[in-house]
2 protein chains.
Amino acid sequence: MPPDCFRHEALGVVFQVRDKRLSVLLCQRAEPPFEGAWMLPGGLLLADERLGASAGRHLAAKADIPEIAHLEQLETRSDPVRDPRERVLATAYLALVTPGARARLPADTAWHPVDELPPCAFDHRSIIGSARERLRAKLSYTNIGFALAPETFTISQLRDTYAAALGHPVSATNLQRILTRRGVIEPTSDVTRPAASGGRPATLYRFASRELVVTNPFAAFRPRGTAGALTV
Amino acid sequence: MPPDCFRHEALGVVFQVRDKRLSVLLCQRAEPPFEGAWMLPGGLLLADERLGASAGRHLAAKADIPEIAHLEQLETRSDPVRDPRERVLATAYLALVTPGARARLPADTAWHPVDELPPCAFDHRSIIGSARERLRAKLSYTNIGFALAPETFTISQLRDTYAAALGHPVSATNLQRILTRRGVIEPTSDVTRPAASGGRPATLYRFASRELVVTNPFAAFRPRGTAGALTV
DNA sequence: ACAAGTTTTCGACCTATAGTCGATAACTAT
DNA sequence: ATAGTTATCGACTATAGGTCGAAAACTTGT
């Protein structure tokens, strides 16, 4: 292999809110190094393949994930010894899937709540940390919640989703007011039938857009009236 | 060259505020492809070299930039034909230098205001766009201005720096109040002698920290009292 | 029916952040 | 002294967002 030439892998940090907990998809290694530890799904970049497509391809192959609601590049790790065997650069992607998407998983693959991560291989634990940071930030200033929520949902369900992803309690009142004012969510004409134990039926909401939109741009030092949502 | 093996380059988007305008360092190409067009400084990654170090090394070699006040990874471009000769992955870095740092530039290298970019080679124009976006956002919620401002400065000078980087007018009153309240800047005991045409002497300020600190974290949906500055 | 329990929804209040504007301070030059 | 210039500061306002409790709309049990 020529000296100035490197293998490159795409890794996916796939998040899904399962049972009110933010969880990440991990594969258990069967061989050294890091035998028995868990790793992010991913694999090598091919010639003529883009990194985003490579991440999607490996996720589809490894976990048969039907549809990824959102995929964005996180960062590239370049520590020469991050893989003890040979040098491999890694570009991590943040991938979000909605609760409806039930993937058929191989035996070595499982969801793990991010608060109880098992021992992780390589630098994957810190990559998961970066992904959580990115997700938390974007939940606050974009409509990225659409990629974690089902097609329609009640405010309570959305509150649980946000609380799981943000890692702290969220007020349903606040969430409803802020997201409707920003135009991120909108009510449908449907309501749920009341829960098993009774209670008022909840109106069903949906996300106004399923494309990523920056709805609360950083506005410091900006003159009044200059604001406005930007599509990314 | 093996098939699953790629060259990789580190590119630097070096910003400096010059003459009240945000400017970027570019090198003019002497050979095809894109002969005569301007490109970002950078070069190939070496074995056993990290990407950040590679970006720094190429900047030091190409432009003899004395000190880079801030360097952070932006994104990795992987379009197979972004370089028409052979496939090269590129990881872009945002680099900021203070106005005091006067680099000795080779003949083919020059500063260009970002509002009047010359024709750019490869995908470098869009990379510069990404870098501007990142800088604008971070000026609003971090203390990153330290990397664009001199050691000490007046509020008016800082206003000009922020206005240049943000691309819109900035109120000195607002800037002073917000940045002092956040603890980003603090007054020194010195004042300037008045300007040539007279006027009240201005107190000199300095940045409280020259490490990147998130001073205005995204706070939506967070319970009261949970906030707090985070070091990155 | 009616009361009690549950969940949702909404209004009212309050605080913090930040944009605007004008008055005042502190200098130079004539 | 007076005018011009720049800096600084307080007051006002707008808005986003956190908190709380009341009211609405159901179910279940008596």
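Values in this document were obtained by computation on a predicted structure and should not be read as measured data.

Caption draft 1: Local environment of the protein's contact with DNA strand C. Near DNA strand C, the surroundings consist of 30 residues, among which S156(A), T173(A), T203(A), A219(A) and N174(B) are the closest. Atoms of DNA strand C within 4 Å of the protein: sugar and phosphate make up 72%, bases the balance. At 3.1 Å, a backbone N or O of R200(A) approaches a base oxygen of DNA strand C. The side chain of R182(B) places a nitrogen or oxygen atom 2.9 Å from a phosphate oxygen of DNA strand C.

Caption draft 2: A look at the relation of the copies chain B and chain A. Aligned on chain A, chain B shows an RMSD of 0.0 Å; the corresponding rotation is 180° and the shift along the axis is 0.0 Å. A rotation of that kind, with that shift, is consistent with a two-fold axis. Looking at the rotation axis and the C-alpha trace of chain B, the residue lying nearest is F6(B), at 2.6 Å. By residue overlap, the copies meet face to face through one surface: 100% of the interface positions of chain B are interface positions in chain A.

Caption draft 3: Region of the structure containing the protein's contact with DNA strand D. Looking at DNA strand D, there are 30 residues lining it, with N174(A), R177(A), S156(B), T173(B) and T203(B) nearest. A distance of 2.7 Å separates a base nitrogen of DNA strand D from a polar atom in the side chain of T173(B). A distance of 2.6 Å is found between a phosphate oxygen of DNA strand D and a backbone nitrogen or oxygen belonging to T203(B). The dominant element in the surface near DNA strand D, judged by the number of residues it contributes, is helix α4 (residues 172-181) of chain A, at five residues.

Caption draft 4: How the structure looks around the packing of aromatic side chains. Under the defined criterion, the tally for this structure stands at six aromatic pairs over all chains. Consider the rings of F221(A) and Y162(B), whose centres lie 5.5 Å apart with planes at 80°: the pair is edge-to-face. Linking F221(A) in the loop between β10 (213-214) and β11 (230-231) with Y162(B) in helix α3 (residues 155-166), this pair reaches from one chain into another. Side by side, F221(A) and Y162(B) carry an identical accessibility label, which is buried. On the numbers, 5.3 Å between centres and 50° between planes, the contact of F153(B) with F207(B) is tilted. You can see F153(B) sitting in strand β8 (residues 152-153) and its partner F207(B) sitting in strand β10 (residues 203-207), a full 54 residues away along the chain. Across this residue pair, the class does not change: F153(B) and F207(B) are buried.

Caption draft 5: How the structure looks around the domain arrangement of chain A. Residues and elements named next belong to chain A. Here the domain parsing of chain A yields domain 1 (7-139) and domain 2 (142-231). Computed from C-alpha coordinates alone, the two centres of domain 1 and domain 2 are separated by 26 Å. Contacts between the two partners involve 16 residues from domain 1, matched on the other side by 16 residues from domain 2. If you sort the residues of domain 1 by the area they bury against domain 2, V17, K138 and L139 come out on top, with a joint share of 39%. Inspection of the domain 1/domain 2 interface yields one salt bridge. Measuring nitrogen to oxygen at the nearest pair gives 3.3 Å for the salt bridge that ties K20 to D160. Of all the secondary structure elements, the ones that give two or more residues to the side of domain 1 that touches domain 2 are β1 (7-18), β2 (21-28), β5 (70-77) and α2 (124-141). Considering every element that reaches the side of domain 1 that touches domain 2, the biggest residue donor is α2, with four residues. Tallied by class, residues from the side of domain 1 that touches domain 2 come to nine nonpolar, two polar and five charged.

Caption draft 6: Molecular detail of the state of the cysteines. Counted according to the given criterion, the structure contains zero disulfides over all chains. Looking at the unpaired C5(A), the closest cysteine sulfur is the one in C5(B), lying at 3.1 Å. A relative accessible area of 2% means that C5(A) is categorised as buried.

Caption draft 7: Quick look at unusual backbone geometry. Between P32(A) and P33(A) the backbone carries a cis peptide bond, its omega angle lying at -5°. The phi torsion at F122(A) lies on the positive side, around 55°, for a residue other than glycine. Structurally, F122(A) is set in the loop between β7 (109-113) and α2. The exposure class of F122(A) is buried, given its relative accessible area of 16%. The backbone of F34(B) sits at a positive phi, close to 60°, despite the residue not being glycine. As for its position among the elements, F34(B) is in the loop between β2 (21-28) and β3 (38-39). The class for F34(B) is partly exposed, based on a relative accessible area of 35%.

Caption draft 8: Structural view of the pattern of salt bridges. A complete count under the given rule lists 34 salt bridges over all chains for this structure. Between D123(A) and R82(A) there is a salt bridge, and its shortest N-O distance comes to 2.9 Å. Taken together, the positions of D123(A) in the loop between β7 and α2 and R82(A) in the loop between β5 and β6 (88-96) put the pair 41 residues apart, joining distant regions of the chain. Of the charged contacts in the structure, one is a salt bridge between E9(B) and R82(B), with a shortest N-O distance of 3.2 Å. Placement of the pair is E9(B) in strand β1 (residues 7-18) and R82(B) in the loop between β5 (70-77) and β6 (88-96), with a sequence separation of 73 residues. Taken individually, E9(B) and R82(B) each receive the classification buried, so the pair is uniform in this respect. Each of the salt bridges in this network shares a partner with another, and the network as a whole consists of E9(A), E75(A), R77(A), R82(A) and D123(A).

Caption draft 9: Region of interest: the side chain of E9(A). Look at E9(A) and you get buried, because its relative accessible area is 16%. Ignoring any residue separated from it by four or fewer positions in sequence, one finds E9(A) in contact with G43(A), L44(A), L45(A), R82(A), V88(A), L89(A), A90(A) and T91(A).

Caption draft 10: Representation of the interface of chain B and chain A in the model. With 42 residues of chain B at the contact, the number on the chain A side is 42 residues. A combined buried area of about 3,600 Å² lies between chain B and chain A, and 64% of that area is made up of carbon and sulfur atoms. Where chain B packs against chain A, one counts two salt bridges. For the salt bridge of R50(A) with D79(B), the shortest nitrogen-to-oxygen distance reads 3.3 Å. Here chain B is connected to chain A by twelve residue pairs in polar contact (both at pLDDT 80 or more). Elements with a minimum of two residues in the side of chain B that touches chain A: β1, β5, β6, α2 (124-141), α3 and α4 (172-181) of chain B.

Reading the values: the criteria
Residues numbered from 1 in each chain as written. Chains lettered and ligands numbered in written order. Predicted model: local features only at pLDDT ≥ 70, side-chain atom pairs only at ≥ 80, totals over all residues. Heavy atoms only, no water. Near = heavy atom within 4 Å. Polar contact = N/O pair within 3.5 Å; in protein donor to acceptor, adjacent residues only side chain to side chain. Least-squares fit on C-alpha atoms with pLDDT ≥ 70 in both. Contact = heavy atoms within 4.5 Å. Helix = DSSP H or I, 4+ residues; strand = E, 2+ residues; numbered from the N terminus. Phe/Tyr/Trp six-rings, centres within 6.5 Å; stacked < 30°, edge-to-face > 60°. Buried < 20%, exposed > 50% of the residue type's maximum accessible area, 1.4 Å probe, protein only. Domains from an automatic or database assignment. Buried area = accessible area lost by both parts, 1.4 Å probe. Salt bridge = Lys/Arg side-chain N within 4 Å of Asp/Glu carboxyl O. Nonpolar A, V, L, I, M, F, W, Y, C, P; charged D, E, K, R; others polar. Disulfide = S-S within 2.5 Å.

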